[in-house]
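Examining the three-dimensional arrangement
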Amino acid sequence: MAFYAIQFLNGLSLAMLLFLISSGLSVIFGMMRIVNLAHGSFYLLGGYIGLTVLSWLGNFWLAILAAAIVVGLFGIVLQRTLLRRVSDNELGQVLMTFGILLIVADLALWIWGGLPQTLSKPSWLNGSFRYAGLVFPKYRVAMILLGLVVAVLIWLVIERTRIGAIIRAGVDDSEMVRGIGIDIRKAFLLVFGAGAALAGVAGVLGGAMLGVYPGVDFDVLLQAFAVVVVGGLGSLRGAFVGSLLIGFSDTLGKVWFTDFALFTIFVPMVIMLVIRPEGLFGRE
Amino acid sequence: MSKKSAYTQRAWLAPAATVLLFAIIAVAGWLSPSYTTGLLIDCLIFSIFALGLNLLLGYTGLPSLGHAAYFGVGAYTAGLMMLHVTPSFWWCALAAIGVSLAFGALYGLLSLRTSGVFFLIITLALGQITWAIAFSWRSLTGGDDGLRGIGRPDLGLGLSLQSNNDYFLFALLALALTLFVVRLIVRSPFGAALRGDSQNPERLAALGYNVWLCRFLSFVISAGISGFAGVIFVFYKGFVSPEAVGIVISAEVMLMVIIGGAGTLLGPILGAFVVVYLGHSVSSHTDRWMTILGVLYVAVVLFAPHGIVRAIGNKLAIRKSS
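Residues numbered from 1 in each chain as written. Chains lettered and ligands numbered in written order. Predicted model: local features only at pLDDT ≥ 70, side-chain atom pairs only at ≥ 80, totals over all residues.

Our next topic: the overall build of chain A. Within chain A, the regular secondary structure consists of 10 helices and two strands. Here the C-alpha atoms of chain A give a radius of gyration of 18 Å, agreeing with the 19 Å that 2.2 N^0.38 yields for 284 residues. Dimensions of chain A, computed from the C-alpha atoms along their principal axes, are close to 60 × 45 × 35 Å. Buried residues in chain A amount to 51% of all 284 residues. Restricting the contact set of chain A to residue pairs at least 6 apart, pairs at least 24 apart contribute 77%. (Helix = DSSP H or I, 4+ residues; strand = E, 2+ residues; numbered from the N terminus. Rg over C-alpha atoms; globule rule 2.2 N^0.38 Å. Buried ≥ 20, exposed ≤ 12 C-beta atoms within 10 Å, placed from the backbone. Contact = placed C-beta atoms within 7 Å.)

Here it is, written out as structure tokens:
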């Protein structure tokens, strides 16, 4: 029982982390039809920038802020300079963003080295809560709460603000949005920047939970794709439900089928693509 | 009209270029020191692989991002046959191509349920599943370490493949055979149907073709050719590890096809030579090959999306018509 309570907590905290990464990926695809393999690079960069800021200033929150700003700006520059030029070319996007993934990974290896590193948590989040004989690591509990807060914030922005209305309209029909005189390019930039910043923040938060290492960009990218495929490309609700499903299937899969740990995200992904390519909440 | 005449005017060009290309490669391979011969063998192996992917990506218009699966399955099967069953090249190759075809048939069935961006994602996911099999099934595949100590196979007929010079000629013949087979396919009515499918599937269906079957066959044959490339690969290297099945190889072979020119016969070969050669020469000067490779991906998409061969062909056509 205690074992499953902990696994439940692990699954939930992983799910919240996945949501931070995949919500951006999903909305970016929904609006701009960009298949962005470099989304994993945002996470990697966020983690390493967080690491550097932590070693300079020792403040976890500043690390998060720095990662959000730098990675967000990086995303905006990427969208403006490169991705905009391949807006109608899926294969071009895949090749280009895979190239960017390679460049960022290699430069990060050069700058930060190849050893796995873990970001140090704020001291008050070290240790565990104890309740009814169970031990809950404080950091994971905080991760879950933060993930829920961010999910609610994103939902509020998308559902209750003007820019949110433009984003929703853009996902439905970006031509039409353009047609009624809204400068959708600004909305594209904002969404791309925000999606990148969220993934960067996830890099700091995840870096303190799971560590940063060369290759984490790709691991995270594939998990985020699994989430988005299961939930439905372009759907925020899909990203949330998909995160829960993949977070739990990955955590429990690793416990129950240790030998098949590597399959726990790809198999649900393929099954969903075969049965319902548009995902749980996507549109045909 | 003018387009057609431009094609007929340079109809001699492609076969002539092919013969010239093979002659140059053959001479270069024979004369060069053994390091360069090894490099050329790598180029030949990836040329075969790129020709395989090109059938699907270039001629049928289906971009598979998981083709290393078939390359890897071919390599592993041939390696396992060699280690446990028989040293005969022919049986090893037959089994490897058979298993690659089987994987192609299964994955093709699944992948062709999707289209567009979902096709890219599902082929990527299936490729990673195959990688995960190679990585996790330790008792069969050796896991992370892979299969080691695979010798050169026995060709029969009193021929030896032991020296790199001999293996080089053998790989060159394998490439010529592959090119011949692919050329037969794309020049056949079936090949015309594939091109029709990539340009206008609705019209093809209206003409009474079974579009799904065309795609499926193209997928399976493409997998088989990629598996054959894996066979030549594993017997050259003497080992195979999960790396050969992974996404980096899948993306790289895709890059080769695009750089050279998807949907052309010589483009993938040219692309394979460019990427493999660049990789070797850059790696010997700097550790930043991955950065340069990444820049290459971006540059190709921005500046040469239709590949080198088409760029050259267009230049010639413009010169002739003006």
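For chain B, the helix and strand inventory stands at 15 helices and zero strands. The globule rule puts the C-alpha radius of gyration for 322 residues at 20 Å, and the 19 Å found for chain B is close to it. Projected onto the principal axes, the alpha-carbon positions of chain B cover approximately 60 × 45 × 45 Å. The proportion of buried residues among the 322 residues of chain B is 51%. When contacts within chain B are restricted to residue pairs at least 6 apart in sequence, long-range pairs at least 24 apart make up 79% of them.

Residues and elements named next belong to chain B. Orientation of helix α12 (residues 247-260) relative to helix α13 (residues 267-283), taken along the N-to-C sense of each, is 120°, at an axis distance of 7 Å. On the basis of the axis angle, α12 is oblique to α13. Here the hand of the crossing between α12 and α13 comes out right-handed. Within the contact between the two elements, α12 uses E252, L255, M256, V257, I259 and G260 and α13 uses G267, P268, I269, L270, G271, A272, V274 and V275. (Axes fitted to C-alpha atoms, helices over the stretch in contact; angles between N-to-C directions. Parallel < 35°, antiparallel > 145°, perpendicular 65-115°, else oblique. Left-handed = near helix turned anticlockwise from the far one by under 90°.)

Before going further, it helps to spend a moment on the environment of B:F71. All names here are of chain B. In this structure, F71 sits in helix α4 (residues 68-84). A count of 34 C-beta atoms within 10 Å places F71 in the buried class. Spatially, the C-alpha atoms of F71 and F118 are 22 Å apart, while their sequence positions differ by 47 residues. Filtering out sequence-adjacent residues up to four positions away, F71 remains in contact with F49, S226, G227, A229, G230, A244 and I249.

Attention shifts here to the pairing of strand β2 (residues 134-137) of chain A. Residues and elements named next belong to chain A. The pairing of strand β1 (residues 128-131) with β2 spans four bridges and is classified as antiparallel. Considered in β2, the bridge of S128 is made with P137. Hairpin connection from β1 to β2: two residues lie between these consecutive antiparallel strands, with A132 at a positive phi of about 50°. (Pairing = 2+ DSSP bridges.)

Moving on to the environment of B:S100. Relative to the assigned elements, B:S100 resides in helix α5 (residues 89-111). For B:S100, the contacting residues outside a window of four places in its chain are B:Y70, B:V73, B:G74, B:A223, B:G224, B:S226 and B:G227.

Attention now moves to the interface of chain B and chain A. Contacts between chain B and chain A engage 35 residues on the former and 33 residues on the latter. Listed by contribution, the elements that provide at least two residues to the side of chain B that touches chain A are α6 (117-136), α12 and α14 (289-303) of chain B. If you tally residues by element for the side of chain B that touches chain A, the top one is α6(B), at 12 residues.

Attention now goes to the nonpolar core. Of all hydrophobic cores here, the largest spans 208 residues; its most connected members are A:L95, B:I45 and B:Y297. Once residues lying within four places of it in the same chain are set aside, the contact partners of A:L95 are B:M254, B:L255, B:I258, B:Y297, B:V300 and B:V301. (Core = buried A, V, L, I, M, F, W, Y, C linked by C-beta atoms within 7 Å.)

What follows concerns α13(B). Spanning 17 residues, α13(B) covers 24 Å between terminal C-alpha atoms, matching the ideal 24 Å at 1.5 Å per step. All of the buried residues in α13(B) are B:G267, B:P268, B:I269, B:L270, B:G271, B:A272, B:F273, B:V275 and B:V276. (Expected span 1.5 Å × (residues − 1).)

Bringing unusual backbone geometry into the picture now. Residues and elements named next belong to chain A. Its identity as a non-glycine residue notwithstanding, R33 has a phi of 55°, on the positive side. Tracing the chain through its elements places R33 in the loop between α1 (2-32) and α2 (39-57). On the basis of neighbour count, R33 is assigned to the partly exposed category, with 17 C-beta atoms found within 10 Å.

Moving on, we get to the packing of helix α3 (residues 34-59) of chain B against α12(B). All names here are of chain B. The N-to-C vectors of α3 and α12 enclose an angle of 75°; their axes lie 9 Å apart at closest approach. Relative to α12, the element α3 is oriented roughly perpendicular. Counting all contacts with α3, which are made through F46, F49, A50, L53, N54, L57 and G58, the residues of α12 involved are V253, M254, M256 and V257. A per-class count over the contact of α3 with α12 returns nine nonpolar, two polar and no charged. (Nonpolar A, V, L, I, M, F, W, Y, C, P; charged D, E, K, R; others polar.)

With that settled, consider the confidence of the model for chain B. All names here are of chain B. Residue-level pLDDT values for chain B average 89, and 95% of them are 70 or greater. Counting contacts from residues 1-7, a segment whose pLDDT is below 50, to residues more than four positions away or on other chains yields four contacts. Both confidence scores are given for the complex: pTM 0.90, ipTM 0.89. (pLDDT = per-residue confidence, 0-100.)

Let's shift gears to the environment of A:L205. Residue and element names in this part refer to chain A. Residue position: L205 is located in helix α7 (residues 184-209). Measuring from C-alpha to C-alpha, the distance between L205 and E159 comes to 26 Å, with 46 residues separating the pair along the chain. Excluding its chain neighbours within four sequence positions, the residues that come into contact with L205 are L17 and M143.

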